[in-house]
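# Structural overview for review
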Amino acid sequence: MTNIEINVMKQNKFLTNVLSAAVLAGSLIFSTTAYAGPGHDHGDEAPLGVGEASPRVVMESELFEAVGILKGRMLEIYIDHAATNAPVQNAKVELELNGQQVPVELHSEGEFDAQLPEGIEDGTVAVSMTVSAGEDIDLLAGDLIVGHHDDLDSVEEVQSRLSKIVLYGVGGLLILALIVFGYVRLKSKGGK
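Owing to the predicted nature of the structure, the values given are computational and were not obtained by experimental measurement.

### Digging into the overall build of the chain
Counting secondary structure elements, the chain contains two helices and nine strands. When its helices and strands are written in sequence order, the chain yields α-β-β-β-β-β-β-β-β-β-α. Pairs at least 24 residues apart make up 50% of the contacts formed inside the chain by residues separated by at least 6 positions. Summed over all atoms, the accessible surface of the chain reaches about 13200 Å², with 57% contributed by carbon and sulfur.

So this is what it looks like as structure tokens:
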């Protein structure tokens, strides 16, 4: 083999390594920014990763633990036994929001829904709940903070920012690959 052939082989290997590194870097960038689009997010099954979380209230006693999650004007309530974390079976729930009795509807075992009454707007809502299951009866209380969280970015804003970062990153990698390719081509022509 001549020196020219050896140099060309070295340059081709170098170019292959640089392009492989660029492909690997691009793969890493794209793999960390995958998001489900509308209709593909599995609804309530998928955890909320970024953006605004729904307002919630957590209430605990020796017998029961309850979490209320506000989704729009609907308060979803989940009640478990404190000792076992198992959903409360055959529970009866009486709910008051700011002292106003609110009807509660059984959704499934340990899960209830309540519609926020008119007149409850942004601010702190006092929540009190009487839970009875068999002979166990307990009063739970907590505060639900209703309102807008303007200091948090929405999921769409975060996705838009990440998309721009990915776009600039990929563009930068392509420019780098073109520079390296041009440099290698120039060196190979200069060495002949």
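### A few points about the sheet that holds strand β8 (residues 123-133)
Pairing is antiparallel in the open sheet, where four strands are placed in the order β5-β4-β8-β9. Here the strands that pair on one side only, and so sit at the sheet edges, are β5 (100-102) and β9 (136-146). Here the average twist between neighbouring strands, direction ignored, is 25°. Across eleven bridges, β8 lies against β9 in antiparallel orientation. In the strand pairing of β9, Val125 is matched with Leu144.

### What about the side chain of Glu76?
Here Glu76 shows up in strand β3 (residues 74-81). According to the relative accessible area criterion, Glu76 is buried, its value standing at 15%. A distance of 3.0 Å separates the side chain of Glu76 from the side chain of Tyr78, its partner in a polar contact. For Glu76, the residues in contact, after removing those within four places along its chain, are Val67, Gly68, Ile69, Lys71, Phe112 and Asp113.

### Observations concerning the sheet that holds strand β2 (residues 64-71)
Pairing is antiparallel in the open sheet, where five strands are placed in the order β1-β2-β3-β7-β6. The open sheet has two edge strands, β1 (56-60) and β6 (105-108), and neither has a second partner. On average, each strand axis in the sheet is inclined to that of its neighbour by 25°, with strand direction left out of account. Here eight bridges tie β2 to β3, and the two strands are oriented antiparallel to one another. Bridge pairing in β3 places Phe64 opposite His81.

### Focus on the nonpolar core
By size, the foremost hydrophobic cluster in this structure holds 26 residues, and its most contacted members are Ile79, Leu95, Leu97, Val127, Met129 and Leu144. Listing elements by their share of this core, those giving two or more residues are β1, β2, β3, β4 (92-97), β7 (111-115), β8 and β9. Ranked by the residues each element gives to this core, the list is headed by β8, at five residues.

### Some details on the environment of Ala82
Assignment of secondary structure puts Ala82 in the loop between β3 and β4. In this structure the C-alpha to C-alpha distance between Ala82 and Leu63, which are 19 residues apart in sequence, comes to 5.3 Å. If sequence neighbours within four positions are ignored, Ala82 has contacts with Ser61, Glu62, Leu63, Phe64 and Glu65.

Procedures and definitions
- Residues numbered from 1 in each chain as written.
- Predicted model: local features only at pLDDT ≥ 70, side-chain atom pairs only at ≥ 80, totals over all residues.
- Heavy atoms only, no water.
- Helix = DSSP H or I, 4+ residues; strand = E, 2+ residues; numbered from the N terminus.
- Contact = heavy atoms within 4.5 Å.
- Areas by Shrake-Rupley, 256 points an atom, 1.4 Å probe, with all protein chains shown as cover.
- Pairing = 2+ DSSP bridges.
- Axes fitted to C-alpha atoms, helices over the stretch in contact; angles between N-to-C directions.
- Buried < 20%, exposed > 50% of the residue type's maximum accessible area, 1.4 Å probe, protein only.
- Polar contact = N/O pair within 3.5 Å; in protein donor to acceptor, adjacent residues only side chain to side chain.
- Core = buried A, V, L, I, M, F, W, Y, C linked by side-chain atoms within 4.5 Å.

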